Number of protein chains: 2
Amino acid sequence: MSLQNEMNGAESLVRTLLKSGVDTCFANPGTSEMHFVGALDRIPGMHCVLGLQENVVTGMADGYYRIAGKPACTLLHCGPGLANGMANLHNARRARAGIVNIVGDQATYHRPLDAPLTADTEGMARTVSHWVRTCSNAGDVGRDAAAAVQAASALSGQIATLILPADSSWNTGGVVAEPLSVPPPPPVDPHAVTTAARILHSQKNVLILIADQATLAPSQHLAWRVAEATGADLMGSYTNGHLQRGRGRIPLPRVPYVVDAAVAALDKYEHIILVNAEPPVGFFAYPNRPSALYRPDSQFHVLSRPDQDSEAALQALVDEIGAPETAIPDPGPLPDAGTGAPTPEGLAQTLAALMPEGAIISNESISFGGYLEHFTYAAPAHDWLNLGGGAIGDGLPVATGAAVASRGERRVISLQADGSAMYSLQSLWTQAREQLPCTTILLNNRRYNILIGEYANVGAEPGPTAMGMLDLSRPDLDWVKMANGMGVEAARATTLEQCADLMRQSFNQAGPFLIDLII
Amino acid sequence: MSLQNEMNGAESLVRTLLKSGVDTCFANPGTSEMHFVGALDRIPGMHCVLGLQENVVTGMADGYYRIAGKPACTLLHCGPGLANGMANLHNARRARAGIVNIVGDQATYHRPLDAPLTADTEGMARTVSHWVRTCSNAGDVGRDAAAAVQAASALSGQIATLILPADSSWNTGGVVAEPLSVPPPPPVDPHAVTTAARILHSQKNVLILIADQATLAPSQHLAWRVAEATGADLMGSYTNGHLQRGRGRIPLPRVPYVVDAAVAALDKYEHIILVNAEPPVGFFAYPNRPSALYRPDSQFHVLSRPDQDSEAALQALVDEIGAPETAIPDPGPLPDAGTGAPTPEGLAQTLAALMPEGAIISNESISFGGYLEHFTYAAPAHDWLNLGGGAIGDGLPVATGAAVASRGERRVISLQADGSAMYSLQSLWTQAREQLPCTTILLNNRRYNILIGEYANVGAEPGPTAMGMLDLSRPDLDWVKMANGMGVEAARATTLEQCADLMRQSFNQAGPFLIDLII
């Protein structure tokens, strides 16, 4: 037997992942993953980050991708461990993040015995993954891992889930696979480019709606040139997972969350050019309100689909219409930090005034923060990460993973509602363990405020039973104590001045900090 | 239109659930459930309990069933909300608990638009449910709800998931349905009874293995009579979700978790009579160890399957062999409370000495507590709830739901490992809000200790990378602060005397308490 064939499946997995450029593993292992853990221990090069619940693990991998621009892997334990992480895989899928999930499972010959932890792991994986494979042979693990990285690394990132029965890990015969090249995205359709150019030249009420990669700096600058040259408006999808914003980037409004506001914002557009975006629809239907947010007579023109290269498409459009180079307008001076009682405007001004250059904002502010972004155009250049799939609980894990991706060199600021923070508060412990530069501004209103708003649509004031399911007081959550309990320094603020002081203090120290901002 | 037809779907749902005997709702609602919340607000009779993450919600419903003996409903938000609760639905399924999940979802006509929260809700539900139905018409909601309660209420409880598009809730035309009677379980096979009697009479090394309902008081007493009359041994499955134990109940060993210990315990039995139990297999396979825990030449004799009535089967067997009435042996005097540094034995003695009559123990003690039950045979009569499906994180939610089921009249004591507690620590807040008599003994060893043991099976001491995924220190979790942050009084103990003092204090007060026991 050759030396290579004495390698076990787990070792071939680690070596293949590293060779394919995956060098970060967010993990919460169990018994069936011990051989993988053993291989990680013996083979240097993989940065392993522990999360204390799997939705933290998968959310960190999402945040990592958005900043690193390449997939990390997760390590999850059997079907139920995967299930715990599925909500943030849903969010990652909507944010078009690439993730390689490694899910350990029962040994192939043990599975038919239906042991207690045995579950429909493949069935679970399929509900949130673009790519699923169960590897039943140690000799195939390397090949399958390379294919998983390839799938996750598509231009529009994908969720690739590799299920690894324990005997595929521990058996020998592992073979390290060469990285597989990622197929190029489907080419831009020249007809789509000429059609978009014709509409922009001939029509008045035209919106260019951009999403995903199209909102990152290279594409957004091209879109700006097109808009400036033609008089069209520019807008971003509400759910864009990743925006590049601030000084030197374009002032890009998002389609509003609230249906009436969105309908009003889109009412003037007879033509909408989609750049990696999809026709905007409401998060939910409501009685007697439209499902679609655009005019019924709107005409859509697809310049590029979500799986295509937005930069190539926009460059072709710039060339087609001969749009000249245009400077991004100066957003004016930095605002002064806000004062007095916390308001969305005041907090946004404080954030703009104080955030360091190159900050990363993880925004899961829900009801308080829907419009925080309007007041931060003049802030230093920053990355702004939104909840892509609407499943609350991704804000803190995404912040944590983004901090891992930036190797502690960029300040990560969470705008984090309290109700959604409770979904994945275990993230704070990982921030403390890894000593990540994460500042959490915990927007503490002691209620599911967005649902109290939604309840009004039912047509009544909530009574005691309803409020029992919508408010988070009785008892109040003490975020200072909870953060301290997980090793994160924390303090309470009730005014914007106090909040600003704590932000300055936090930005000057290396590790995490939580500001319990009573709103 | 008749009055009844002005009722909306949500109202018909609440009224049907109440009429069918479901009067407790564990909830974490979202926008698509607001009409159900509204109906709960207007129609009295449903006790609604909020959980701050869905795995808390589903775990509470599991604990509720085990003590109440009937299903509660859950209220979950869309596919990702269901996904968050799936691990504890897996555990509930393994514990044979009955639960009616109400999962709100996109309106029927909104779903094709693929809004951000749209997911494969049915696909997710199928992986953990016995019964799944999507109700696409307000007029069918009552009928489908009655069928869901019927499915959940089978003798061996089932997971029934009713997916409710928002327009089925808000549209009028709702019809309240009559409760559906639960079909009787498959009858006991007389041939199985005579076969078991023959084996018991003719063979020497016979084990009667009992599981699930067979471990509750009525069945276990019958099993004891059979064993006493025939000289057979009695054992319970490792994963039994619910045991009735203590004074007046039989001393029932469980099949051990560790493979070698289990193989040794089962080695003498050539014949195993299964009473609602399945042939015992390991949680996991290991290289060079058997998957099955019984002798390869063991012969199994099924007296009753898991879906059959164990009491009827055992009564028939008692009658067949003419087993006389036999007193349960006196377990001897109560032990004294333990002293000094915490050990499993000392903690078990302390527990036995101090627990009040009728206590409920929720055991998710993992590595520390595997054998705690050996030292509690002389305790007052109590219910002992185990993790049925092996997906960690059910201990605190099950304790909380059990306390709700006993309407605050019984003391619930959690033996709770720290690693698994972090999975669903939000349960503590619900204990505080509902002022439940829950005492958590938090077994704080600051590591995934069971995995450090499992790692040894890989054949090496864990190095720094492996330990980075197996230990929970750096920073230590401060459970007193975290509990306080969620409104639960708490204190630390480092000796069994301190632990006993805090237990006495807690048992004398109404609400929850957490003892951070450093082990």
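Conventions and cut-offs
Residues numbered from 1 in each chain as written. Chains lettered and ligands numbered in written order. Predicted model: local features only at pLDDT ≥ 70, side-chain atom pairs only at ≥ 80, totals over all residues. Heavy atoms only, no water. UniProt positions renumbered as here; feature names shortened; annotations may be inferred. Buried < 20%, exposed > 50% of the residue type's maximum accessible area, 1.4 Å probe, protein only. Helix = DSSP H or I, 4+ residues; strand = E, 2+ residues; numbered from the N terminus. Pairing = 2+ DSSP bridges. Axes fitted to C-alpha atoms, helices over the stretch in contact; angles between N-to-C directions. Parallel < 35°, antiparallel > 145°, perpendicular 65-115°, else oblique. Left-handed = near helix turned anticlockwise from the far one by under 90°. Contact = heavy atoms within 4.5 Å. Nonpolar A, V, L, I, M, F, W, Y, C, P; charged D, E, K, R; others polar. Buried area = accessible area lost by both parts, 1.4 Å probe. Salt bridge = Lys/Arg side-chain N within 4 Å of Asp/Glu carboxyl O. Polar contact = N/O pair within 3.5 Å; in protein donor to acceptor, adjacent residues only side chain to side chain. Least-squares fit on C-alpha atoms with pLDDT ≥ 70 in both. Domains from an automatic or database assignment. Disulfide = S-S within 2.5 Å. Core = buried A, V, L, I, M, F, W, Y, C linked by side-chain atoms within 4.5 Å. pLDDT = per-residue confidence, 0-100. Expected span 1.5 Å × (residues − 1). Phe/Tyr/Trp six-rings, centres within 6.5 Å; stacked < 30°, edge-to-face > 60°.

As recorded by an unreviewed UniProt entry, chain A carries the name Putative acetolactate synthase large subunit IlvX and is attributed to Martelella mediterranea DSM 17316. Here chain A is described in UniProt, under the heading Sequence similarities (unreviewed entry), as follows: "Belongs to the TPP enzyme family."

**Section: the pairing of strand 4 (residues 99-105) of chain A**
All names here are of chain A. Taken across its 7 residues, strand 4 has 7 buried, putting it largely inside the fold. By the alternation rule, side chains of strand 4 split into Ile99, Asn101, Val103 and Asp105 and Val100, Ile102 and Gly104, which are all buried. Two elements, strand 3 (residues 72-77) and strand 4, share 6 bridges in a ladder whose sense is parallel. Along strand 4, the bridge assignment pairs Ala72 with Ile99. Relative to strand 6 (residues 159-165), strand 4 is paired through 7 bridges, and the arrangement is parallel. Paired with Asn101 across the strands is Thr161, a residue of strand 6.

**What about the packing of helix 3 (residues 54-68) of chain B against helix 5 (residues 86-94) of chain B?**
Residue and element names in this part refer to chain B. Across the interface, helix 3 lies against helix 5 with an axial gap of 7 Å and an inter-helix angle of 15°. Relative to helix 5, helix 3 is oriented roughly parallel. Judged by the sense of rotation from one axis to the other, the crossing of helix 3 with helix 5 is right-handed. Of the residues in helix 5, those touching helix 3 at Asn55, Thr58, Gly59 and Asp62 are Met86, Ala87, Asn88, Leu89, Asn91 and Ala92. Grouping the amino acids of the contact of helix 3 with helix 5 by side-chain chemistry returns 4 nonpolar, 5 polar and 1 charged.

**Some details on the interface of chain B and chain A**
Chain B puts 95 residues into the contact, and the matching count from chain A is 95 residues. A per-residue breakdown of the area chain B buries against chain A is headed by Pro116, Tyr423 and Met469 of chain B, which together make up 9% of the total. In this assembly, chain B and chain A are joined by 4 salt bridges. Notably, a salt bridge pairs Asp471 of chain B with Arg433 of chain A, separated by 2.7 Å at the nearest N-O pair. Counting every contact that joins chain B to chain A gives 46 residue pairs in polar contact (both at pLDDT 80 or more). Examining the composition of the side of chain B that touches chain A, we find that 6 residues originate from one element, helix 2 (residues 34-42) of chain B, more than from any other.

**What to know about the relation of the copies chain B and chain A**
For these two chains of identical sequence, chain B goes onto chain A by a turn of 180° and a shift of 0.0 Å along the axis, with RMSD 0.0 Å. Classification of the inter-copy transformation places it as that of a two-fold axis. Closest to the rotation axis within chain B is the C-alpha of Met482 of chain B, separated from it by 2.3 Å. By residue overlap, the copies meet face to face through one surface: 100% of the interface positions of chain B are interface positions in chain A.

**Focus on the domain arrangement of chain A**
Residues and elements named next belong to chain A. Domain assignment breaks chain A into domain 1 (4-170), domain 2 (190-321) and domain 3 (344-518). Between the C-alpha centres of domain 1 and domain 2 there is a distance of 35 Å. Taken together, the contact pairs 6 residues of domain 1 with 9 residues of domain 2. Approximately 610 Å² of surface area, both sides summed, lies buried where domain 1 meets domain 2, with 50% of it carried by carbon and sulfur atoms. Between Arg96 and Asp212 there is a salt bridge whose closest N-O contact spans 2.6 Å. Counting the contacts that link domain 1 with domain 2 gives 4 residue pairs in polar contact (both at pLDDT 80 or more). The residue makeup of the side of domain 1 that touches domain 2, split by class, is 3 nonpolar, 1 polar and 2 charged.

**Describing the side chain of Thr215 of chain B**
Residues and elements named next belong to chain B. Among the structural elements, Thr215 can be located in the loop between strand 7 (206-210) and helix 10 (217-230). The class of Thr215 is buried, set by a relative accessible area of 0%. A polar side-chain atom of Thr215 sits 2.6 Å from the main-chain carbonyl oxygen of Asp212. Apart from residues no more than four positions distant in its own chain, Thr215 is found in contact with Ile210, Gln220, Asn240, His242, Leu243, Gln244 and Leu252.

**Describing the pattern of salt bridges**
In the structure shown here, the tally under the stated rule is 54 salt bridges over all chains. Its salt-bridge partner being Arg492 of chain A, residue Asp516 of chain A comes within 2.9 Å of it at the nearest N-O pair. Note that Asp516 of chain A is positioned in strand 17 (residues 513-518) and Arg492 of chain A in strand 16 (residues 489-493), a separation of 24 residues in sequence. Residue classification places Arg492 of chain A among the partly exposed residues on the basis of a relative accessible area of 42%. Between Asp383 of chain B and Arg410 of chain B there is a salt bridge whose closest N-O contact spans 2.5 Å. One end of the pair, Asp383 of chain B, is in strand 13 (residues 382-386); the other, Arg410 of chain B, is in the loop between helix 15 (395-405) and strand 14 (412-417), with 27 residues separating them in the sequence. Given the relative accessible area of 24%, Arg410 of chain B is considered partly exposed. Three or more residues joined by partner-sharing salt bridges are found here, namely Arg133, Asp140, Arg143 and Asp144 of chain A.

**Some thoughts on the state of the cysteines**
Here the structure, examined in full by the defined rule, presents 0 disulfides over all chains. The thiol sulfur of Cys438 of chain A is not disulfide-bonded, and the nearest other cysteine sulfur, from Cys499 of chain A, lies at 16 Å. Cys438 of chain A gets classed as buried once you look at its relative accessible area, which sits at 1%. Left unpaired, Cys25 of chain B is separated from the closest cysteine sulfur, that of Cys73 of chain B, by 3.8 Å. You can call Cys25 of chain B buried: its relative accessible area is 0%.

**Focus: the nonpolar core**
Within the largest apolar cluster, 118 residues are counted, with the highest numbers of intra-cluster contacts made by Leu13, Leu17 and Trp479 of chain A together with Leu13, Leu17, Cys25 and Trp479 of chain B. Apart from the residues lying within four places of it in its own chain, the contact partners of Leu13 of chain B are Phe36, Ile102, Val141, Ala145, Leu162 and Leu164 of chain B.

**A word on the confidence of the model for chain A**
Of the residues in chain A, 98% reach a pLDDT of 70 or more, and the chain-wide mean stands at 95. Here the prediction assigns the complex a pTM of 0.98, and the interface score ipTM is 0.97.

**A word on the UniProt feature "domain: Thiamine pyrophosphate enzyme N-terminal TPP-binding" (unreviewed entry) in chain A**
Per the UniProt annotation, the sites labelled "domain: Thiamine pyrophosphate enzyme N-terminal TPP-binding" (unreviewed entry) are residues 7-112 of chain A. Secondary structure content for residues 7-112 of chain A is 48% helix and 20% strand, and the end C-alpha separation is 27 Å.

**Re helix 7 (residues 141-152) of chain B**
Residues and elements named next belong to chain B. For helix 7, built from 12 residues, the straight-helix expectation of 16 Å at 1.5 Å per residue is met to within 8% by its first-to-last C-alpha distance of 16 Å. With 10 of its 12 residues buried, helix 7 lies for the most part within the structure. Of all the positions in helix 7, only Val141, Gly142, Asp144, Ala145, Ala146, Ala147, Ala148, Val149, Ala151 and Ala152 are classed as buried. Looking at the buried residues of helix 7, the elements they touch are helix 1 (9-19), strand 4 (99-105), strand 5 (131-134), strand 6 (159-165) and helix 8 (166-170).

**Description of the sheet that holds strand 8 (residues 233-236) of chain B**
One key point about sheets: their strands pair by backbone hydrogen bonds, in either a parallel or an antiparallel sense. Residues and elements named next belong to chain B. Strand order across the open sheet formed by 4 strands is 8-7-10-11, with parallel pairing between neighbours. Edge strands, defined here as strands with exactly one partner in the open sheet, are strand 8 and strand 11 (299-304). The mean angle between the axes of side-by-side strands here comes to 25°, regardless of whether they run parallel or antiparallel. Against the sheet, helix 9 (residues 190-202) makes contact with strand 7, strand 10 (271-275) and strand 11, and its axis sits at roughly 135° relative to strand 11, the strand it touches most.

**Brief notes about the packing of aromatic side chains**
This structure, assessed with the given rule, holds 12 aromatic pairs over all chains. When the centroid spacing of 5.8 Å and the interplanar angle of 85° are considered together, the rings of Tyr238 of chain B and Phe283 of chain B count as edge-to-face. With Tyr238 of chain B in the loop between strand 8 and strand 9 (242-245) and Phe283 of chain B in the loop between strand 10 and strand 11, this pair connects stretches of sequence that are 45 residues apart. We classify Phe283 of chain B as buried; its relative accessible area is 9%. Here the aromatic residues Tyr238, Tyr257, Phe283 and Phe284 of chain A are joined through ring pairs into a cluster of three or more.

**Comments concerning the environment of Pro80 of chain B**
With respect to the element layout, Pro80 of chain B can be found in helix 4 (residues 78-84). When the C-alpha atoms of Pro80 of chain B and Trp131 of chain B are compared, they prove to be 19 Å apart, with 51 residues separating the residues in sequence. Ignoring anything within four residues of it in the chain, the contact list for Pro80 of chain B reads Ala87, His90 and Ala391 of chain A together with Leu117, Ala119 and Met124 of chain B.

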